[in-house]
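Residues per chain are reported as follows:
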Amino acid sequence: MSDVNRLAQGQDYPAPALYIVATPIGNAADITFRARHLLGLCDRIAAEDTRNTGQLLTRYGISKPLIAAHQHNEREAAERILSHLAAGERVAFVSDAGTPGISDPGARLVEAARAQGYPVVPLPGASAAITALSAAGAWAETFTFIGFLPSKPKQRASALQSLAHHRHALVCYEAPHRIDDMLAAARDALGGERRVLIGRELTKLHESLHVCTLAEGPDWLAADANRRRGEFVLVIEGASADAEEGGLDAHDPLLRALLEELPVSAAARVAAKVTGASRNALYTRALSWSSAAAEDQEEDDGEEDGAE
Ligand code: SAM
(Lines give C-alpha, C1' and ligand atoms only; values in the text may rest on other atoms or scores of the structure.)
Protein backbone atom coordinates (compact mmCIF):
# COMPACT_ATOMS: atom_id res chain seq x y z
CA MET A 1 0.00 0.00 0.00
CA SER A 2 1.37 3.42 -0.88
CA ASP A 3 2.12 6.04 1.76
CA VAL A 4 -0.67 8.31 0.53
CA ASN A 5 -3.19 5.49 0.65
CA ARG A 6 -2.11 4.78 4.20
CA LEU A 7 -2.47 8.49 5.05
CA ALA A 8 -5.99 8.58 3.61
CA GLN A 9 -6.94 5.53 5.61
CA GLY A 10 -5.22 6.52 8.80
CA GLN A 11 -7.11 9.76 9.08
CA ASP A 12 -10.01 10.03 11.45
CA TYR A 13 -13.34 10.31 9.63
CA PRO A 14 -15.84 11.18 12.37
CA ALA A 15 -19.39 9.82 12.41
CA PRO A 16 -21.96 11.18 12.13
CA ALA A 17 -20.76 13.78 9.66
CA LEU A 18 -21.59 15.19 6.26
CA TYR A 19 -18.68 14.86 3.82
CA ILE A 20 -18.63 17.23 0.86
CA VAL A 21 -16.61 15.40 -1.75
CA ALA A 22 -15.23 16.87 -4.98
CA THR A 23 -15.21 14.50 -7.96
CA PRO A 24 -13.45 14.80 -11.36
CA ILE A 25 -14.62 17.31 -14.00
CA GLY A 26 -13.95 14.90 -16.84
CA ASN A 27 -10.90 12.74 -16.31
CA ALA A 28 -11.88 9.97 -13.88
CA ALA A 29 -8.27 9.73 -12.70
CA ASP A 30 -8.58 13.13 -11.05
CA ILE A 31 -10.22 11.69 -7.92
CA THR A 32 -8.13 12.20 -4.78
CA PHE A 33 -6.91 9.34 -2.59
CA ARG A 34 -8.89 10.78 0.27
CA ALA A 35 -12.11 11.08 -1.76
CA ARG A 36 -11.70 7.52 -3.04
CA HIS A 37 -11.16 6.25 0.48
CA LEU A 38 -14.02 8.20 2.06
CA LEU A 39 -16.48 7.17 -0.67
CA GLY A 40 -15.58 3.57 0.07
CA LEU A 41 -15.89 4.10 3.83
CA CYS A 42 -19.08 6.15 4.16
CA ASP A 43 -22.50 4.64 4.82
CA ARG A 44 -24.34 6.44 2.06
CA ILE A 45 -23.71 8.77 -0.85
CA ALA A 46 -26.10 11.59 -1.72
CA ALA A 47 -25.63 12.51 -5.36
CA GLU A 48 -26.92 15.19 -7.70
CA ASP A 49 -27.28 12.57 -10.44
CA THR A 50 -27.35 9.02 -9.08
CA ARG A 51 -26.88 7.48 -12.56
CA ASN A 52 -23.69 9.44 -13.31
CA THR A 53 -22.34 8.96 -9.83
CA GLY A 54 -23.22 5.26 -9.96
CA GLN A 55 -21.10 4.92 -13.11
CA LEU A 56 -18.22 6.83 -11.57
CA LEU A 57 -18.34 4.69 -8.43
CA THR A 58 -18.30 1.52 -10.53
CA ARG A 59 -15.03 2.72 -12.09
CA TYR A 60 -13.56 3.01 -8.61
CA GLY A 61 -14.99 -0.35 -7.57
CA ILE A 62 -17.30 1.21 -4.98
CA SER A 63 -20.90 0.22 -4.34
CA LYS A 64 -22.97 2.22 -1.82
CA PRO A 65 -26.61 3.10 -1.20
CA LEU A 66 -27.34 6.31 -3.14
CA ILE A 67 -29.75 9.15 -2.37
CA ALA A 68 -30.86 11.53 -5.14
CA ALA A 69 -30.21 15.10 -4.00
CA HIS A 70 -30.63 17.67 -6.76
CA GLN A 71 -31.87 21.23 -6.95
CA HIS A 72 -35.50 20.15 -7.50
CA ASN A 73 -35.76 18.03 -4.34
CA GLU A 74 -33.25 19.86 -2.17
CA ARG A 75 -35.48 20.22 0.88
CA GLU A 76 -36.77 16.63 0.98
CA ALA A 77 -33.31 15.28 0.19
CA ALA A 78 -31.84 17.37 3.02
CA GLU A 79 -34.40 15.91 5.42
CA ARG A 80 -33.53 12.39 4.34
CA ILE A 81 -29.83 13.05 4.70
CA LEU A 82 -30.36 14.61 8.15
CA SER A 83 -32.27 11.50 9.25
CA HIS A 84 -29.29 9.34 8.24
CA LEU A 85 -26.95 11.67 10.12
CA ALA A 86 -29.28 11.35 13.12
CA ALA A 87 -28.79 7.58 12.86
CA GLY A 88 -25.05 8.14 13.28
CA GLU A 89 -23.99 7.67 9.64
CA ARG A 90 -21.24 9.18 7.57
CA VAL A 91 -23.01 10.66 4.55
CA ALA A 92 -21.03 11.84 1.52
CA PHE A 93 -22.45 14.40 -0.87
CA VAL A 94 -21.17 14.61 -4.43
CA SER A 95 -22.39 16.81 -7.25
CA ASP A 96 -22.46 15.75 -10.86
CA ALA A 97 -18.86 16.79 -11.43
CA GLY A 98 -16.32 18.97 -9.68
CA THR A 99 -16.76 20.65 -6.33
CA PRO A 100 -20.25 20.73 -4.75
CA GLY A 101 -21.59 24.20 -4.01
CA ILE A 102 -19.65 25.77 -6.89
CA SER A 103 -22.49 26.49 -9.36
CA ASP A 104 -23.84 23.19 -8.10
CA PRO A 105 -26.17 22.04 -5.29
CA GLY A 106 -24.72 21.53 -1.84
CA ALA A 107 -24.89 24.91 -0.13
CA ARG A 108 -28.34 24.42 1.47
CA LEU A 109 -27.47 20.93 2.62
CA VAL A 110 -24.29 22.22 4.25
CA GLU A 111 -26.26 24.88 6.11
CA ALA A 112 -28.94 22.40 7.21
CA ALA A 113 -26.39 19.90 8.53
CA ARG A 114 -24.41 22.58 10.35
CA ALA A 115 -27.58 24.06 11.85
CA GLN A 116 -28.30 20.63 13.38
CA GLY A 117 -24.80 20.51 14.82
CA TYR A 118 -23.29 17.88 12.49
CA PRO A 119 -19.69 18.34 11.36
CA VAL A 120 -19.37 19.31 7.70
CA VAL A 121 -16.10 17.99 6.28
CA PRO A 122 -14.95 19.20 2.85
CA LEU A 123 -12.73 16.94 0.73
CA PRO A 124 -11.17 19.22 -1.91
CA GLY A 125 -10.59 18.26 -5.51
CA ALA A 126 -11.30 19.32 -9.06
CA SER A 127 -13.22 22.43 -10.02
CA ALA A 128 -13.39 23.82 -13.56
CA ALA A 129 -12.89 27.41 -12.34
CA ILE A 130 -9.70 26.65 -10.41
CA THR A 131 -8.40 24.36 -13.15
CA ALA A 132 -8.73 27.16 -15.72
CA LEU A 133 -7.22 29.74 -13.36
CA SER A 134 -4.21 27.53 -12.67
CA ALA A 135 -3.29 27.81 -16.35
CA ALA A 136 -4.25 31.46 -16.96
CA GLY A 137 -1.23 33.46 -15.86
CA ALA A 138 -0.27 36.43 -13.71
CA TRP A 139 -3.04 38.59 -15.19
CA ALA A 140 -5.57 36.41 -13.35
CA GLU A 141 -3.78 36.25 -10.00
CA THR A 142 -6.79 37.72 -8.18
CA PHE A 143 -10.22 36.77 -9.38
CA THR A 144 -13.93 36.88 -8.76
CA PHE A 145 -16.02 33.82 -9.51
CA ILE A 146 -19.35 34.79 -11.06
CA GLY A 147 -20.65 31.35 -12.07
CA PHE A 148 -23.28 31.42 -14.82
CA LEU A 149 -24.39 34.89 -15.90
CA PRO A 150 -28.08 35.41 -16.71
CA SER A 151 -29.02 33.88 -20.07
CA LYS A 152 -31.26 36.79 -21.13
CA PRO A 153 -29.22 39.29 -23.19
CA LYS A 154 -30.35 42.42 -21.34
CA GLN A 155 -29.72 41.00 -17.89
CA ARG A 156 -26.39 39.52 -18.99
CA ALA A 157 -25.29 42.88 -20.43
CA SER A 158 -26.21 44.75 -17.26
CA ALA A 159 -24.47 42.14 -15.07
CA LEU A 160 -21.32 42.57 -17.17
CA GLN A 161 -21.57 46.36 -17.16
CA SER A 162 -21.80 46.37 -13.38
CA LEU A 163 -18.43 44.57 -13.39
CA ALA A 164 -16.76 46.77 -16.00
CA HIS A 165 -14.51 48.54 -13.47
CA HIS A 166 -13.78 45.50 -11.37
CA ARG A 167 -10.00 44.99 -11.08
CA HIS A 168 -10.00 41.23 -10.50
CA ALA A 169 -10.24 38.69 -13.30
CA LEU A 170 -13.76 37.35 -13.80
CA VAL A 171 -14.31 33.61 -13.92
CA CYS A 172 -17.54 32.30 -15.35
CA TYR A 173 -19.18 29.18 -16.69
CA GLU A 174 -21.14 29.08 -19.90
CA ALA A 175 -23.16 26.56 -21.87
CA PRO A 176 -21.94 25.73 -25.42
CA HIS A 177 -25.05 27.15 -27.11
CA ARG A 178 -24.49 30.51 -25.44
CA ILE A 179 -20.71 30.79 -25.60
CA ASP A 180 -20.72 33.01 -28.74
CA ASP A 181 -23.26 35.41 -27.26
CA MET A 182 -21.45 35.47 -23.95
CA LEU A 183 -18.10 36.36 -25.52
CA ALA A 184 -19.65 39.05 -27.70
CA ALA A 185 -21.52 40.49 -24.70
CA ALA A 186 -18.28 40.51 -22.64
CA ARG A 187 -16.44 42.29 -25.48
CA ASP A 188 -19.22 44.90 -25.75
CA ALA A 189 -19.47 45.55 -22.01
CA LEU A 190 -15.78 45.32 -21.04
CA GLY A 191 -13.97 46.41 -24.21
CA GLY A 192 -12.08 44.33 -26.77
CA GLU A 193 -8.53 44.70 -25.38
CA ARG A 194 -8.79 42.50 -22.33
CA ARG A 195 -7.39 39.00 -22.34
CA VAL A 196 -9.68 36.03 -22.09
CA LEU A 197 -8.84 32.38 -21.50
CA ILE A 198 -11.36 30.10 -23.16
CA GLY A 199 -11.12 26.75 -21.39
CA ARG A 200 -13.00 23.95 -23.11
CA GLU A 201 -13.44 20.32 -22.08
CA LEU A 202 -10.76 20.66 -19.40
CA THR A 203 -9.09 17.38 -18.39
CA LYS A 204 -10.96 15.54 -21.19
CA LEU A 205 -9.88 14.10 -24.52
CA HIS A 206 -10.60 17.27 -26.48
CA GLU A 207 -9.30 19.72 -23.89
CA SER A 208 -8.34 23.12 -25.24
CA LEU A 209 -7.13 26.31 -23.63
CA HIS A 210 -6.94 29.38 -25.80
CA VAL A 211 -5.87 32.85 -24.70
CA CYS A 212 -6.76 35.82 -26.90
CA THR A 213 -8.38 39.24 -26.54
CA LEU A 214 -12.11 39.66 -26.09
CA ALA A 215 -12.18 41.29 -29.53
CA GLU A 216 -10.62 38.16 -31.09
CA GLY A 217 -12.71 35.64 -29.10
CA PRO A 218 -15.87 35.48 -31.26
CA ASP A 219 -13.86 35.02 -34.52
CA TRP A 220 -11.67 32.35 -32.95
CA LEU A 221 -14.76 30.40 -31.92
CA ALA A 222 -16.43 30.84 -35.31
CA ALA A 223 -13.35 29.55 -37.20
CA ASP A 224 -14.10 25.91 -36.35
CA ALA A 225 -17.46 24.37 -35.34
CA ASN A 226 -15.67 22.00 -32.93
CA ARG A 227 -14.49 24.97 -30.88
CA ARG A 228 -18.09 25.59 -29.78
CA ARG A 229 -18.65 22.05 -28.49
CA GLY A 230 -18.34 20.84 -24.94
CA GLU A 231 -18.11 22.50 -21.57
CA PHE A 232 -16.69 26.00 -21.17
CA VAL A 233 -15.09 28.11 -18.52
CA LEU A 234 -13.95 31.66 -19.24
CA VAL A 235 -11.36 33.70 -17.38
CA ILE A 236 -11.59 37.38 -18.35
CA GLU A 237 -8.89 39.89 -17.40
CA GLY A 238 -9.95 42.54 -14.87
CA ALA A 239 -10.13 46.28 -15.56
CA SER A 240 -6.82 48.12 -15.74
CA ALA A 241 -5.98 50.68 -13.05
CA ASP A 242 -6.51 53.47 -15.61
CA ALA A 243 -9.93 52.14 -16.53
CA GLU A 244 -10.84 51.94 -12.89
CA GLU A 245 -9.59 55.43 -12.20
CA GLY A 246 -11.68 56.69 -15.11
CA GLY A 247 -14.67 54.68 -13.98
CA LEU A 248 -14.57 55.55 -10.30
CA ASP A 249 -16.91 58.47 -10.83
CA ALA A 250 -19.68 55.91 -11.47
CA HIS A 251 -19.51 55.18 -7.72
CA ASP A 252 -19.60 58.83 -6.60
CA PRO A 253 -23.29 58.91 -5.58
CA LEU A 254 -22.83 55.86 -3.36
CA LEU A 255 -19.57 57.12 -1.89
CA ARG A 256 -21.01 60.57 -1.18
CA ALA A 257 -24.09 59.03 0.48
CA LEU A 258 -21.88 56.81 2.65
CA LEU A 259 -19.68 59.76 3.62
CA GLU A 260 -22.71 61.48 5.10
CA GLU A 261 -23.01 58.62 7.61
CA LEU A 262 -19.49 57.20 7.98
CA PRO A 263 -15.85 58.26 8.36
CA VAL A 264 -13.82 58.23 5.12
CA SER A 265 -12.12 54.88 5.71
CA ALA A 266 -15.37 53.09 6.57
CA ALA A 267 -17.20 54.69 3.64
CA ALA A 268 -14.43 53.57 1.25
CA ARG A 269 -14.50 50.06 2.71
CA VAL A 270 -18.27 49.67 2.28
CA ALA A 271 -18.22 51.20 -1.22
CA ALA A 272 -15.41 48.83 -2.23
CA LYS A 273 -17.42 45.86 -0.97
CA VAL A 274 -20.54 46.92 -2.84
CA THR A 275 -18.88 47.91 -6.13
CA GLY A 276 -15.80 45.68 -6.32
CA ALA A 277 -13.67 48.83 -6.98
CA SER A 278 -10.37 49.20 -5.14
CA ARG A 279 -10.76 50.36 -1.56
CA ASN A 280 -7.57 52.43 -1.80
CA ALA A 281 -8.75 54.21 -4.93
CA LEU A 282 -12.12 55.01 -3.34
CA TYR A 283 -10.40 56.16 -0.13
CA THR A 284 -8.07 58.47 -2.06
CA ARG A 285 -11.02 59.85 -4.01
CA ALA A 286 -13.08 60.49 -0.87
CA LEU A 287 -10.07 62.09 0.85
CA SER A 288 -9.53 64.37 -2.12
CA TRP A 289 -13.07 65.67 -1.64
CA SER A 290 -12.58 66.29 2.07
CA SER A 291 -9.22 68.03 1.52
CA ALA A 292 -10.76 70.10 -1.30
CA ALA A 293 -13.62 70.96 1.07
CA ALA A 294 -11.12 71.86 3.81
CA GLU A 295 -9.18 74.12 1.40
CA ASP A 296 -12.43 75.83 0.36
CA GLN A 297 -13.24 76.31 4.03
CA GLU A 298 -9.77 77.79 4.72
CA GLU A 299 -10.15 80.14 1.78
CA ASP A 300 -13.59 81.18 3.04
CA ASP A 301 -12.15 81.69 6.54
CA GLY A 302 -9.25 83.69 5.06
CA GLU A 303 -11.63 85.89 3.14
CA GLU A 304 -13.72 86.39 6.27
CA ASP A 305 -10.55 87.24 8.32
CA GLY A 306 -9.45 89.71 5.64
CA ALA A 307 -12.87 91.27 5.63
CA GLU A 308 -12.70 92.02 9.34
N1 SAM B 1 -19.19 22.25 -9.54
C2 SAM B 1 -18.52 22.31 -10.81
C3 SAM B 1 -17.09 22.79 -10.59
O4 SAM B 1 -16.60 22.72 -9.47
O5 SAM B 1 -16.44 23.21 -11.53
C6 SAM B 1 -19.27 23.16 -11.79
C7 SAM B 1 -20.66 22.70 -12.04
S8 SAM B 1 -21.53 23.65 -13.19
C9 SAM B 1 -23.16 23.00 -13.08
C10 SAM B 1 -21.06 22.97 -14.72
C11 SAM B 1 -20.32 23.97 -15.59
O12 SAM B 1 -18.95 24.02 -15.22
C13 SAM B 1 -20.31 23.57 -17.05
O14 SAM B 1 -21.49 24.01 -17.71
C15 SAM B 1 -19.09 24.30 -17.56
O16 SAM B 1 -19.38 25.66 -17.79
C17 SAM B 1 -18.15 24.18 -16.36
N18 SAM B 1 -17.34 22.96 -16.50
C19 SAM B 1 -17.51 21.80 -15.86
N20 SAM B 1 -16.59 20.90 -16.26
C21 SAM B 1 -15.84 21.52 -17.19
C22 SAM B 1 -14.73 21.12 -17.98
N23 SAM B 1 -14.25 19.87 -17.91
N24 SAM B 1 -14.17 22.02 -18.82
C25 SAM B 1 -14.67 23.27 -18.89
N26 SAM B 1 -15.71 23.70 -18.17
C27 SAM B 1 -16.29 22.84 -17.33
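Every residue gets a number counted from 1 within its own chain, in the order that chain's sequence is written. Residues qualify for local features only when their pLDDT is at least 70, as the model is predicted, and side-chain atom pairs are given and counted only at 80 or more; totals for whole chains, interfaces and linings, by contrast, use all residues. Excluded from the side-chain calculations are hydrogens and water; all other atoms, namely the structure's heavy atoms, are used.

A. Broad picture of a nonpolar patch on the surface. Taken together, I102, I130, F143 and F145 make up a surface patch of nonpolar side chains, about 320 Å² in accessible area. Relative to the helices and strands, I102 resides in the loop between β4 (90-94) and α5 (107-115). Candidate patch residues must exceed 30% relative accessible area and have no salt bridge, after which like charges are joined if within 9 Å and Val, Leu, Ile, Met, Phe, Trp or Tyr side chains if within 5 Å. Only the protein chains shown count as covering a residue, and every accessible area follows the Shrake-Rupley method with a 1.4 Å probe. Between Lys or Arg on one side and Asp or Glu on the other, a salt bridge is scored when a side-chain nitrogen of the former is within 4 Å of a carboxyl oxygen of the latter. Numbering goes from the N terminus for both helices and strands, where a helix is a DSSP run of H or I of at least four residues and a strand is a run of E of at least two.

B. Structural context of the site of the ligand. Proximity is defined per residue: if any heavy atom of the residue lies within 4 Å of a molecule or strand, that residue is considered near it. With respect to spatial proximity, 19 residues lie near the ligand, and among them D104, S127, A128, Y173 and F232 are the closest. Contacts described as polar in this section are N or O atom pairs within 3.5 Å, which, within protein, must combine one atom able to donate a hydrogen with one able to accept it, while residues neighboring in sequence count only if both atoms come from side chains. Within the side chain of E231, an N or O atom sits 3.3 Å from a nitrogen atom of the ligand. Alone, the ligand offers 570 Å² of accessible surface; in the complex the protein occludes 89% of this. Side-chain classes are defined by residue name, with Ala, Val, Leu, Ile, Met, Phe, Trp, Tyr, Cys and Pro counting as nonpolar, Asp, Glu, Lys and Arg as charged, and the others, Gly among them, as polar. Of the residues assigned to the shell around the ligand, the class counts are nine nonpolar, five polar and five charged. Domain borders in the structure are assigned automatically or taken from a domain database. Residue contributions to the shell around the ligand reach at least three from each of two domains, namely domain 1 (3-126) and domain 2 (129-236).

C. Structural context of the packing of helix α7 (residues 153-161) against helix α8 (residues 179-190). Each axis is a line fitted through C-alpha atoms, taken for helices only over the stretch in contact, and angles between the N-to-C directions span 0 to 180 degrees. With their axes 9 Å apart at the nearest point, α7 and α8 run at an angle of 45° to one another. On the basis of the axis angle, α7 is oblique to α8. Once α7 is placed against α8, the crossing between them reads as right-handed. For the pair α7 and α8, the contacting residues are R156, L160 and Q161 in the first and D181, M182, A185, A186, A189 and L190 in the second. Residues that form the contact of α7 with α8 fall into these classes: six nonpolar, one polar and two charged. Roughly parallel covers angles under 35 degrees, roughly antiparallel covers those over 145, roughly perpendicular covers 65 to 115, and oblique covers all other angles. Put simply, a crossing is left-handed when the front helix is turned counterclockwise from the back one by less than a right angle, and right-handed when it is turned clockwise. The contact criterion used is simple: two residues touch if any of their non-hydrogen atoms lie within 4.5 Å.

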